Amino acid sequence: MGFNPKDHYFHKAKEEGYLARSAYKLKEIQNKYRVIKKSDKVLDLGCAPGSWSQVVLELIGNNGFLLGIDLTPVTLIKPNAKFIAQDIFTFEHDKFEGAPYNCILSDMAPKTTGIAFTDQARSEELCLKVIELSDVVLLKGGFLVMKLFEGGGAGKVASEIKKRFEKLERFKPQATRSISKEIYVIGLRKR
Ligand SMILES: C[S@@+](CC[C@H](N)C(=O)[O-])C[C@H]1O[C@@H](n2cnc3c(N)ncnc32)[C@H](O)[C@@H]1O
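The structure presented is a predicted model; accordingly, all values stated were derived computationally and were not measured.

So, how was this worked out
Residues numbered from 1 in each chain as written. Predicted model: local features only at pLDDT ≥ 70, side-chain atom pairs only at ≥ 80, totals over all residues. Heavy atoms only, no water. Core = buried A, V, L, I, M, F, W, Y, C linked by side-chain atoms within 4.5 Å. Buried < 20%, exposed > 50% of the residue type's maximum accessible area, 1.4 Å probe, protein only. Helix = DSSP H or I, 4+ residues; strand = E, 2+ residues; numbered from the N terminus. Contact = heavy atoms within 4.5 Å. Pairing = 2+ DSSP bridges. Axes fitted to C-alpha atoms, helices over the stretch in contact; angles between N-to-C directions.

Trainee: Whenever I open this one, the nonpolar core confuses me. Can you help?
Mentor: The tendency in soluble globular proteins is for nonpolar side chains to be buried side by side. Ranked by size, the top nonpolar core spans 31 residues in total, and within it Ile29, Val35 and Leu105 carry the most contacts. If you list the elements that add at least two residues to this core, you get α1 (5–16), α2 (23–33), α3 (51–60), β3 (81–85), β4 (101–106), β5 (138–149) and β7 (182–190). Once residues within four sequence positions are removed from consideration, leucine 105 is found in contact with Leu26, Ile36, Val42, Leu43, Asp44, Leu45, Trp52, Val56 and Val145. In this structure, Leu67, Phe91, Leu168 and Ile183 belong to the second largest nonpolar core, which totals 28 residues.

Trainee: Just checking my understanding: could you explain α2 for this structure?
Mentor: An α-helical segment advances 3.6 residues per turn. Residues three or four places apart therefore align on the same side. Counting buried positions over the eleven residues of α2 gives eight, a clear majority of the element. Listing the buried residues of α2 in full gives Ala23, Tyr24, Lys25, Leu26, Glu28, Ile29, Gln30 and Tyr33.

Trainee: Teacher, can you tell me more about the sheet that holds β4 here?
Mentor: As a general point, the strands of a sheet are linked pairwise by backbone hydrogen bonds and lie either parallel or antiparallel. Here seven strands make up an open sheet; going across it, the order is β3-β2-β1-β4-β5-β7-β6 and the pairing mixed. Across the chains shown, the open sheet's two edge strands, defined by having one partner strand only, are β3 and β6 (165–171). Between one strand axis and the next, the sheet turns by 15° as a mean value, whatever way the strands run. By the bridge criterion, six bridges tie β6 to β7 in an arrangement that is antiparallel. Note on β7: the bridge partner recorded for phenylalanine 171 is tyrosine 184. Strands β1 (41–45), β2 (65–70), β3, β4, β5 and β7 of the sheet are contacted by α3, whose axis makes an angle of about 170° with β2.

Pasting the structure below:
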């Protein structure tokens, strides 16, 4: 049997104690764009089961702070992290503990229907919501990383990022399954 990237990252995550293989996607993003620094305050949207949060906590160290939000509860317990089980569409602005943040991450994905058009439209809606939040809770000079299902909405999301950030990057990590339509759109340095 040939090399299977799914098994590779799945087993690597188990060996290295990460809650999901997604951890390696964030590591690739971090290696290329350096979006998180020691002592940063980070907002992790769609954080369950918690592998991105694990990577973030390693990077920010004890003096940083992480707020994670997901529909599903997260079981990680760390002194400088707080996790809230809620829908980002109904989450109130004054509840963003630790805001403003140096970096906002969103690995949120809609429940897929298998209908590409619908899934892309919902993914775009999530991204536009995150961009709206970045206006309020992201520091000037801060970074934004969001998962997006490629398709119809990519243009709108990209143009909204370009308006607000010095640079827009699009990145497909190696750890992403090759059949997946997901990419990460990254806003570097909020204006
Ligand atoms: C691919 S998983 C995230 C994996 C996570 N980054 C990790 O490394 O463990 C996508 C998550 O987005 C969450 N999600 C989707 N829509 C959401 C919403 N409206 N509000 C909050 N979380 C949402 C889902 O519950 C799901 O846990």
